[in-house]
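# Observations on chain architecture
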Amino acid sequence: MTISTTLTIQNNSGCPIDDRGTPDYKDGTLSGSAPATSIAAGSSTTFKIEQKNSVSPGPEGTVTYKLETGNEQVPLSFYWDFASGPVHEEHYTATTNASLAPVVITQTDASGDHHATTYRVDFKPRAPHEWDLVWALSVGLINKQLHALRYYQLIPSSFTQAASGGAQLTVTAMGDPTVSVPDDQTTHLDVHLPFTTATLQYVESGATKTQDLSGTTVIVSLDLSQAQVTDPNTLAATSEAKQHIQGLQSLNYSVYRLFLDLAQPSLFRALQVVNASNQSVSLSQAAQSALQATLAGVGHMDVAYTTQAPGSPASIIPTLAKERTTRYSTNGNFSTLNVCMMSRGRKEPNWSSRFGFTAPLAATTNPDGTPAEARARLFLSQDTLGEGYLKPTVLPAILRASGIPGTLSRLAPLMYQCVGSRDNSSKNDGRGEFVQVDNGFDQYVRGTETVVFTTQPNLTQTDRCTVAMNGQFQVNIEASQYPLDFIGLGLKDVLGKATYVQPWTGTITIAAGNGGKLVTSVSIVLGKAPAPDVDKTLDGWVFNALDKLFNWSSTSPQDEITQKAQDFANNLAATFQNNASMSLDIEDCVVLPTGSAHDYSQFVFNSEGAVQVDVSFPG
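Residues numbered from 1 in each chain as written. Predicted model: local features only at pLDDT ≥ 70, side-chain atom pairs only at ≥ 80, totals over all residues. Heavy atoms only, no water.

## Notes on the packing of aromatic side chains
Overall, the coordinates contain ten aromatic pairs when judged by the stated rule. Centre to centre, the rings of Trp131 and Phe355 are 5.5 Å apart; their planes meet at 40 degrees, and the pair counts as tilted. One end of the pair, Trp131, is in the loop between strand 9 (114–121) and strand 10 (133–138); the other, Phe355, is in the loop between strand 22 (336–343) and strand 23 (376–380), with 224 residues separating them in the sequence. Residue Phe355 is classed as buried on the basis of its relative accessible area, which comes to 8%. (Phe/Tyr/Trp six-rings, centres within 6.5 Å; stacked < 30°, edge-to-face > 60°. Helix = DSSP H or I, 4+ residues; strand = E, 2+ residues; numbered from the N terminus. Buried < 20%, exposed > 50% of the residue type's maximum accessible area, 1.4 Å probe, protein only.)

Set out below in structure tokens:
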């Protein structure tokens, strides 16, 4: 009797799994269909491996896939081993990035000679939902914008609009338009138009009729429209917003307007009229059609302007944007329009639940107990903060302050290693600094000065965003002598070596500072220097050479390296205090009709690990 194992790979990740490698059945043979070449989200593939014959070792083998997040591939390898023999020892394992795509292995049948095992592939999305940045714009904020636009007469408070067939809508007075979110993960919004005084004229069965709509609210359900802004001066927006958009366009950014288009009845998903008691007002079909056609008098109502930079810039400026809603039933003002973005030219995520946010702006209270105002909130992934700000802006400034040229490498989100080095090995055929001739020997000092530090996010900080640094300065010294050149020998005699180290720790802090701006600061604390590692006594001439090499003025290398570290700390503090470029600027991502973001608060790591900042706009 031969043995077999039936294997199922279940894709519970919400991402596609594809790029199957050639299965290696090793000591086994396939019975029936091979494992699928790709496994869609929510699907599975099942295949059976049998023992080749009654004397073979038993089914053993491997099949590989890749899980596609949209911007990276996670290698997956599934291994099975069902040994023949009296014990029938079994092993089922999977190789994966467990922090991103863990695999749960369950043996579903261990009876008899024919067993079965399931590999379930899960997914742990990185906040915010695999997007690089997400702007949650609350309904309360959007309604404030609409109020401001009506105040500036950019939305009419009265109008008369005619349409074909004798239809005409006369609105003598209209209150502030408002919006609401009727459902989740769509681009639907309901627009509420409160008619204080209004009359609808329409033709029905050849007769002209009128219907008084005073004191009613017209509710139009429609999808957001989107169009690229070509001339900001034509927008129904404030001069501040137009100027900011012009500035973005001057940087070669594309700007898109998200708007509610009441001039296109074909976009309407539903239309109803309610009275002051929120009861439906009956309209005939002719009146309904006439009202749809004449709401064009309201025109377009802009909701937001989104920015998209060309190429793959190393910044947080988005290069792709998608809009979806989140409905918050407890308090409609905290329902949101979420502008989901990618930066650095990255693709839209593949994860199926990428739009499934749960109340990103849940209602809260102020410290005095009053209800908090529904505003906007920005979420940044850790990697976006790192690759879009720390790596191109902050870390190079830290390296420059050290005075030592170096390189940066990414280890993980917000985790970097920075290494800088300079030496005098280019002098005198690698011997270093020539110092003197002594007893028929040329004496040289070769020195290397290095700075190394790593960064690590502090996810436990509750009132600010901090990244810890650990580093050290180090000086390595080698004093050597060589026979004089005319002797014709190149033998090297090392007179002595020494290593001096100055450890330090630091903190990069990004917080909402005075004036509501995001301010970056860096602080450095020197640690206790270990005893120098000196294998031989080095004479004063060696220190003279070091003075020349490193511009020192002391005969104590340890004192000099400690002073260098202190100067480094002082330079950094001044750099981040005086250089405006070290302030994180996010106002170019989204612009509202009343202007760009002007005030920030609560810049923190949230419980999901994303960077979160509350944002205020004019209006």
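## Considerations on the pairing of strand 35 (residues 611–616)
Within strand 35, six of the six residues are buried, which leaves it mostly tucked inside the rest of the structure. Neither face of strand 35 is exposed, since Val611, Val613 and Val615 on one face and Gln612, Asp614 and Ser616 on the opposite face are all buried. As paired elements, strand 23 and strand 35 share five bridges and run antiparallel to each other. What sits directly across from Ala376, in strand 35, is Val615. (Pairing = 2+ DSSP bridges.)

## Here's the deal with helix 4 (residues 382–402)
Here helix 4 spans only 26 Å end to end across 21 residues, well under the 30 Å set by a 1.5 Å rise per residue. At Leu390, helix 4 shows its maximal kink, close to 60 degrees; a proline, Pro392, follows between one and four residues later. Phi turns positive one or two residues past the end of helix 4, at Gly403, with a value near 80 degrees. (Expected span 1.5 Å × (residues − 1). Bend = angle between axes of the 7 residues up to and from the residue.)

## Focus on the sheet that holds strand 7 (residues 90–95)
What the four strands build is an open sheet, ordered 2-5-6-7; its pairing is antiparallel. Strand pairing shows two members of the sheet lacking a second neighbour, strand 2 (17–18) and strand 7, which therefore form its edges. Here six bridges tie strand 6 (residues 73–82) to strand 7, and the two strands are oriented antiparallel to one another. Note that in strand 7 the partner of Ser77 across the bridge is Thr95.

## Some thoughts on unusual backbone geometry
In this model, Ala127 is joined to Pro128 through a cis peptide bond whose omega is 0 degrees. Mapped onto the fold, Pro128 is located in the loop between strand 9 and strand 10. With a phi close to 55 degrees, Asp19 is a non-glycine residue in the positive phi region. Assignment of secondary structure puts Asp19 in the loop between strand 2 and strand 3 (29–31). Backbone geometry places Leu414, a non-glycine residue, at a positive phi of 60 degrees. Inspection of the secondary structure puts Leu414 in the loop between strand 24 (406–412) and strand 25 (415–423).

## Description of the environment of Phe576
With respect to the helices and strands, the residue Phe576 is situated in helix 6 (residues 557–578). Spatially, the C-alpha atoms of Phe576 and Ala397 are 8.7 Å apart, while their sequence positions differ by 179 residues.

## Some details on the sheet that holds strand 20 (residues 300–308)
Judged by pairing direction, the sheet is antiparallel, and its five strands sit side by side in the order 17-18-20-32-33 without closing on themselves. One side of each edge strand has no neighbouring strand; the edge strands of this open sheet are strand 17 (225–228) and strand 33 (595–596). Looking at chain direction, strand 18 (residues 254–261) and strand 20 are connected through eight bridges and run antiparallel. Within strand 20, the position partnered with Arg257 by the bridge is Tyr305. Packed onto the sheet, helix 1 (residues 139–151) meets strand 20 and strand 32 (590–592) and runs at close to 120 degrees relative to strand 20. Along the sheet face, helix 2 (residues 239–250) touches strand 18, strand 20, strand 32 and strand 33 and points at about 155 degrees away from the line of strand 32. (Contact = heavy atoms within 4.5 Å. Axes fitted to C-alpha atoms, helices over the stretch in contact; angles between N-to-C directions.)

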